[in-house]
Amino acid sequence: MFYEKGFKGVFYSLKGILKEAFPPNRLILEKEGLCFEIFVPYSQLEDFKKQRGKRVEIFLSVLIRKGEKIEAYGFKERSERELFLKLINLSKVGPSLALNLLSTFSPSALREIVLKRDVKALVKVPGIGPKRAERLLVEMKPLFVSLVFKEEDLSIQQQEMLEEARHCLIGLGLKANE
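This report concerns the structure included in the present document. (Residues numbered from 1 in each chain as written. Predicted model: local features only at pLDDT ≥ 70, side-chain atom pairs only at ≥ 80, totals over all residues. Heavy atoms only, no water.)

A short note on the side chain of Ser61
Here Ser61 lies in strand β4 (residues 55-64). Here Ser61 falls in the buried class, since its relative accessible area comes to 1%. Those residues within four positions of Ser61 in sequence are excluded, and the remaining contacts are Glu71, Ala72, Tyr73, Arg81, Phe84 and Leu85. (Helix = DSSP H or I, 4+ residues; strand = E, 2+ residues; numbered from the N terminus. Buried < 20%, exposed > 50% of the residue type's maximum accessible area, 1.4 Å probe, protein only. Contact = heavy atoms within 4.5 Å.)

Here it is as structure tokens:
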């Protein structure tokens, strides 16, 4: 199974009537008489089941398997879609593993696990053993280090460390706005 890595899809989100939600992670969404099969994180299926018959918006990632078929992956939140796209571009991470990661952890929880290098937490994901967890932690770190978070989203300890770092940089001759 080989996917076009880095494929930039033409679909971003889809609004329609949620017709069905099938275990373990499959939805049928109807848009103007056309039904779409969409795979979602396992953890979101129950929430989607409650929306059956209602109009919903799903953030999409549509992948084309070389020479085979088109698959759609959907998410309740934009941030989940964006992280999914980043994860599938890592070495040896396909859509199934990326979906397992997002089924087990929210993007912010996964960020914490990666930054803390928490192998024990990562091996809870189906398909990830200790060796693979170690490798993934290294590969995923740049995905989260480059993300900008609001200071109020940081813990008090992290805010104190950030303030201390600012003071050190000012002490080295940098200006506060640099």
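A word on the pattern of salt bridges
For the structure on display, the rule yields ten salt bridges. The salt bridge partner of Glu30 is Lys19, with a shortest N-O separation of 3.2 Å. Pair noted here: Glu30 is in strand β2 (residues 26-31) and Lys19 is in strand β1 (residues 13-22), with a separation of eleven residues, a long-range link. Assessed through its relative accessible area of 23%, Glu30 is described here as partly exposed. Residues Glu82 and Arg81 are paired through a salt bridge, measuring 2.9 Å at the closest nitrogen-oxygen approach. (Salt bridge = Lys/Arg side-chain N within 4 Å of Asp/Glu carboxyl O.)

Section: the sheet that holds β4
An order of β1-β2-β3-β5-β4 is seen for the five strands of this closed barrel, with the pairing classed as mixed. Looking at each pair of strands side by side, their axes are set apart by 55° on average, direction ignored. Here six bridges tie β2 to strand β3 (residues 34-39), and the two strands are oriented antiparallel to one another. Each residue of the ladder has a partner; that of Arg26, found in β3, is Phe39. (Pairing = 2+ DSSP bridges. Axes fitted to C-alpha atoms, helices over the stretch in contact; angles between N-to-C directions.)

What about unusual backbone geometry?
Here the amide bond leading from Pro23 into Pro24 is cis, since omega sits at 5°, within 30 degrees of zero. With respect to the element layout, Pro24 can be found in the loop between β1 and β2. Phi angles above zero are rare outside glycine, and Lys92 is one such case at about 60°.

Some thoughts on the packing of aromatic side chains
Inspection of every chain in the model, using the stated rule, returns four aromatic pairs. Note on Phe39 and Tyr73: the rings are 5.8 Å apart at their centroids and 35° apart in plane angle, and the pair reads as tilted. Of this pair, Phe39 sits in strand β3 while Tyr73 sits in strand β5 (residues 70-75), and the two are 34 residues apart along the sequence. The buried category is assigned to Tyr73, whose relative accessible area is 5%. Taken together, the ring pairs connect Phe39, Tyr73, Phe75 and Phe84 into an aromatic cluster. (Phe/Tyr/Trp six-rings, centres within 6.5 Å; stacked < 30°, edge-to-face > 60°.)

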